[in-house]
Amino acid sequence: MFISAMNAIKRKVKRLSRSSTLSGNPVRSYDFLEIGFHGDQYLLQLVDLIIRKCSYFIETGTNVGSTLAYAARKYRNIHCLSCEPNSRAFQQALKNTRNLPNASILNQTSQEFFRFIEIECSHLFDQNILFWLDAHGQGFRWPLKEEISFITGKFKRAYILIDDFKVPGSPCFGYDQYKGQICSFEYIKDVINQKVSYKLYYPSYNERTSQHHPLRGWGLIEYGQRSPLEISRLLEGKVRPAL
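Residues numbered from 1 in each chain as written. Predicted model: local features only at pLDDT ≥ 70, side-chain atom pairs only at ≥ 80, totals over all residues. Heavy atoms only, no water.

Draft legend 1. Molecular detail of the side chain of Gln225. For Gln225, the location among the structural elements is in the loop between strand 9 (218-223) and strand 10 (239-241). Given a relative accessible area of 19%, Gln225 falls into the buried group. Excluding anything up to four places from it in sequence, Gln225 contacts Asn128, Arg157, Ala158 and Tyr159. (Helix = DSSP H or I, 4+ residues; strand = E, 2+ residues; numbered from the N terminus. Buried < 20%, exposed > 50% of the residue type's maximum accessible area, 1.4 Å probe, protein only. Contact = heavy atoms within 4.5 Å.)

Right, here's the structure in full:
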């Protein structure tokens, strides 16, 4: 069942990719890394805890594919979908994931990507999904509000990890801001579906565990789950609920 559903999505992505027009949105120039999620060991443990409860991993902002390739390689039974609007980064991400049959990328903005999901893959709305939202940065208007509104309005349940997120009371974590846009809960809270009962989590550590990046903030929104997230012993004291 999973294989047939994954193959159907792959065919739809391949068909759309042949007819898509490459766009030129700004791209952050990151090198490809063999590890995803900034290499943050606590965040990697959290992803490992969550993704085993999910059927799909959906990312916005592939860049050159470090996180997508890591997730697809580590979790072979999870279909990993992503989008990248910048043509050069998209082509590089394709190369970096070419040997991963469970990874699919579209050369689209996240708004176009979610429209594709709504039209072609609406069965995903009933699945448990881990989202990694990373389509924000410098030089353009962020789609983050549209992403949050769409996800909480369409998907019955999800774990939403937002990268480069402001962590209140923890200035050691870097976060994105550009022309009045601050990647934070305050920025997105008004677009979360009011019918959704959710929980918000933040990191609660200050030691750098990555060999590749300084500390980058993240936020986790959890909703629609049968039971609340149970933090493993390894993450005790490292993840804190905010709501």
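From this point, the narrative continues.
Draft legend 2. Spotlight on the packing of aromatic side chains. Summed over the entire model, instances satisfying the criterion amount to 15 aromatic pairs. Between the aromatic rings of Phe37 and Phe57, the centroid separation amounts to 6.0 Å while the plane-to-plane angle is 70°, which identifies the pairing as edge-to-face. Placement of Phe37 in the loop between helix 1 (2-19) and helix 2 (41-51) and of Phe57 in strand 1 (residues 56-60) is noted, with a sequence separation of 20 residues between them. Residue Phe57 is classed as buried on the basis of its relative accessible area of 0%. Centre to centre, the rings of Phe114 and Phe150 are 5.0 Å apart; their planes meet at 25°, and the pair counts as stacked. Separated by 36 residues along the polypeptide, Phe114 in helix 5 (residues 110-120) and Phe150 in helix 6 (residues 144-154) bring together distant segments of the chain. Exposure class is identical for Phe114 and Phe150. Each is buried. Among the aromatic residues, ring-to-ring pairing joins Phe113, Phe114, Phe125, Phe131, Phe150 and Phe155 into one connected group. (Phe/Tyr/Trp six-rings, centres within 6.5 Å; stacked < 30°, edge-to-face > 60°.)

Draft legend 3. Summary view of unusual backbone geometry. The backbone of Asn63 shows a phi angle near 55°, a positive value even though the residue is not glycine. Position of Asn63 among the secondary structure elements: in the loop between strand 1 and helix 3 (66-74). Exposure remark for Asn63: the relative accessible area of 8% places this residue in the buried category. Positive phi, close to 60°, is recorded for Asp164, a residue that is not glycine. By the secondary structure assignment, Asp164 is in the loop between strand 5 (157-163) and strand 6 (177-178). Judged by relative accessible area, which is 2%, Asp164 ranks as buried.

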